Amino acid sequence: MNEKIKLKKHIFLIGFMGTGKSSTSLELAGMLDVRQIEMDDEIVRENGMSISDMFECYGEEYFRDKETDLLRRIAGMEPAIISCGGGCVLRPENVALMKNCGTIILLTGEPETIYERVHRSQSRPILNGHMNVEYIAELMEKRRPAYEAAADLAVPSDGKTPGEVAREIIKLF
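Analysis parameters
Residues numbered from 1 in each chain as written. Predicted model: local features only at pLDDT ≥ 70, side-chain atom pairs only at ≥ 80, totals over all residues. Heavy atoms only, no water. Pairing = 2+ DSSP bridges. Helix = DSSP H or I, 4+ residues; strand = E, 2+ residues; numbered from the N terminus. Axes fitted to C-alpha atoms, helices over the stretch in contact; angles between N-to-C directions. Contact = heavy atoms within 4.5 Å. pLDDT = per-residue confidence, 0-100. Parallel < 35°, antiparallel > 145°, perpendicular 65-115°, else oblique. Nonpolar A, V, L, I, M, F, W, Y, C, P; charged D, E, K, R; others polar.

This part takes up the sheet that holds strand β3 (residues 81-83). Strand order in this open sheet of five strands is β2-β3-β1-β4-β5, and the pairing throughout is parallel. Each edge of the sheet is formed by a strand with only one pairing partner; in this case those strands are β2 (36-38) and β5 (153-156). For this sheet the average axis-to-axis angle between neighbouring strands, irrespective of direction, equals 25 degrees. Along the sheet, helix α2 (residues 39-47) makes contact with β2 and β3, crossing β2 at roughly 65 degrees. Its contacts with the sheet put helix α4 (residues 60-75) on β1 (10-14), β2 and β3, and the angle it makes with β1 is roughly 155 degrees.

Right under this line is the structure:
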């Protein structure tokens with residue numbers, strides 16, 4: 001079905017945590033037969049510590065520096081599907097790097113959907129002590145302008161499987 005699509009540049013999936021970036025990026029990479037890069041996992045592997053530990057030991061700025069360093073390296077790689085961390089677009093430098101070498105697709109979801117998807121997770125340092133729909137909605141609204149400004153395209157993920165979202169993304173190309 002999708003063998004005819006040849007990826008010419010990266011596809012970056014951005015959005016709030018729990019919008020399906022990781023699972024959709026895996027589906028999309030499989031459908032297009034290209035490499036998938038999970039930025040958070042790559043940073044954890046390279047640093048030998050969890051994101052929560054990085055935040056606790058070195059602060060959020062340290063982690064954001066690691067994201068920027070990784071994006072610089074990704075820019076020189078063969079086209080791939082990249083699942084970005086939820087806060088990756090908060091730095092204008094990161095957005096510029098992504099726009100320069102790829103297409104940025106925003107995955108969206110309702111706060112209630114996000115809560116259902118993430119409330120059992122212990123690896124969401126931004127939500128520590130604030131795991132509720134109201135806080136999620138507030139943080140999503142705070143980040144919305146950055147997501148929308150960075151995105152080339154947007155795809156809602158509520159009520160869809162990762163495969164359905166991936167197929168929607170392919171149709172956009």
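Residues with a pLDDT of 70 or more make up 90% of the protein chain, whose mean pLDDT is 89. Averaged pLDDT values over the elements of the protein chain bottom out at 80 in helix α6 (residues 111-118) and peak at 98 in β3.

What follows concerns the packing of helix α3 (residues 51-58) against α4. Across the interface, α3 lies against α4 with an axial gap of 6 Å and an inter-helix angle of 125 degrees. In terms of axis orientation, α3 runs oblique to α4. Contacts from Ile 51, Met 54, Phe 55 and Tyr 58 in α3 reach Glu 60, Tyr 62, Phe 63 and Arg 64 in α4. Within the contact of α3 with α4, the residues separate by chemical class into six nonpolar, no polar and two charged.

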